[in-house]
Amino acid sequence: MASSSYSNSPCAACKFLRRKCMPDCIFAPYFPPEEPQKFANVHKIFGASNVSKLLNEVQPYQREDAVNSLAYEAEARIKDPVYGCVGAISVLQRQVLRLQKELDATNADLIRYSCTEMPSTHHGMRRVSDDGGGGSSLGHSHGFSRPSTTSWNNDPYGNNGYPRGDI
């Protein structure tokens, strides 16, 4: 909780509203004199009366979070009057989806590259026996090995669920 010196200087809200800051001022703990723009933004978007009513209706332990939320939304509304913080949330959600797709594609590439058989003369490769029986595979020194040739979906044609040439 931010503190304000009641006797020295009024809180940012009282200073903005040009009134005397009383010791029981509802705004003083949350709008210190060092942060005048915080109250100016909140007042511009929500109005001092509405903020006062909200703070009086909220439990004292929730007031700081309420003021921080109001300040964040007010700043976002000033920057983007149409969408406010919802616009910022949408941008972040799109970024998360894009990065998730990129991660999925990278993981798929990693699996595909780790499963492709490379020539045994390739530098840094060693031949490893397959625990599942039936042949051997090339393994990298980083622990990847080619999966066994056993069909994963009991395909009677041995195509592993794909037409020939796709894997």
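Residues numbered from 1 in each chain as written. Predicted model: local features only at pLDDT ≥ 70, side-chain atom pairs only at ≥ 80, totals over all residues. Heavy atoms only, no water.

As recorded by an unreviewed UniProt entry, the protein carries the name LOB domain-containing protein 25 and is attributed to Cajanus cajan. UniProt's Sequence similarities (unreviewed entry) comment on the protein is quoted here verbatim: "Belongs to the LOB domain-containing protein family." (UniProt positions renumbered as here; feature names shortened; annotations may be inferred.)

Chemist: I'd like to hear about unusual backbone geometry, residue by residue, with values.
Modeler: The phi angle at Arg-18 is positive, at roughly 55°, despite the residue not being glycine. Relative to the helices and strands, Arg-18 is located in the loop between helix H1 (12-17) and helix H2 (36-46). (Helix = DSSP H or I, 4+ residues; strand = E, 2+ residues; numbered from the N terminus.)

Chemist: Which residues make up helix H5 (residues 85-115), and what values do they have?
Modeler: Across its 31 residues, H5 extends 45 Å between first and last C-alpha, which sits within 8% of the 45 Å expected from 1.5 Å per residue. For H5, every residue scored as buried is listed here: Cys-85, Gly-87 and Ser-114. For H5, the secondary structure elements touched by its buried residues are helix H4 (63-79). (Expected span 1.5 Å × (residues − 1). Buried < 20%, exposed > 50% of the residue type's maximum accessible area, 1.4 Å probe, protein only. Contact = heavy atoms within 4.5 Å.)

Chemist: I'd love a proper account of the packing of H2 against H4, names of residues and values included.
Modeler: Relative to each other, H2 and H4 sit at 75°, their axes nearing to 8 Å. On the basis of their axis angle, the class for H2 and H4 is roughly perpendicular. Touching Lys-38, Asn-41, Val-42, Lys-44, Ile-45 and Phe-46 of H2 are Val-67, Asn-68, Leu-70, Ala-71, Glu-73, Ala-74, Glu-75, Arg-77 and Ile-78, all from H4. For the contact of H2 with H4, a count of residues per class yields eight nonpolar, two polar and five charged. (Axes fitted to C-alpha atoms, helices over the stretch in contact; angles between N-to-C directions. Parallel < 35°, antiparallel > 145°, perpendicular 65-115°, else oblique. Nonpolar A, V, L, I, M, F, W, Y, C, P; charged D, E, K, R; others polar.)

Chemist: How would you summarise the state of the cysteines if you had to cite specific residues and measurements?
Modeler: For the structure shown, the criterion picks out zero disulfides. You can see Cys-11 has no disulfide; the closest cysteine sulfur is in Cys-14, sitting 3.5 Å from it. Residue class for Cys-11 comes out buried when judged on its relative accessible area of 0%. Here Cys-14 falls in the buried class, since its relative accessible area comes to 0%. (Disulfide = S-S within 2.5 Å.)

Chemist: How would you summarise a nonpolar patch on the surface if you had to cite specific residues and measurements?
Modeler: A contiguous nonpolar surface patch, about 320 Å² in accessible area, is contributed by Val-82, Tyr-83 and Val-86. Within the secondary structure, Tyr-83 sits in the loop between H4 and H5. Judged by relative accessible area, Tyr-83 falls into the exposed class, the value being 52%. (Patch = residues over 30% accessible without salt bridge, like charges linked within 9 Å, V, L, I, M, F, W, Y side chains within 5 Å. Areas by Shrake-Rupley, 256 points an atom, 1.4 Å probe, with all protein chains shown as cover. Salt bridge = Lys/Arg side-chain N within 4 Å of Asp/Glu carboxyl O.)

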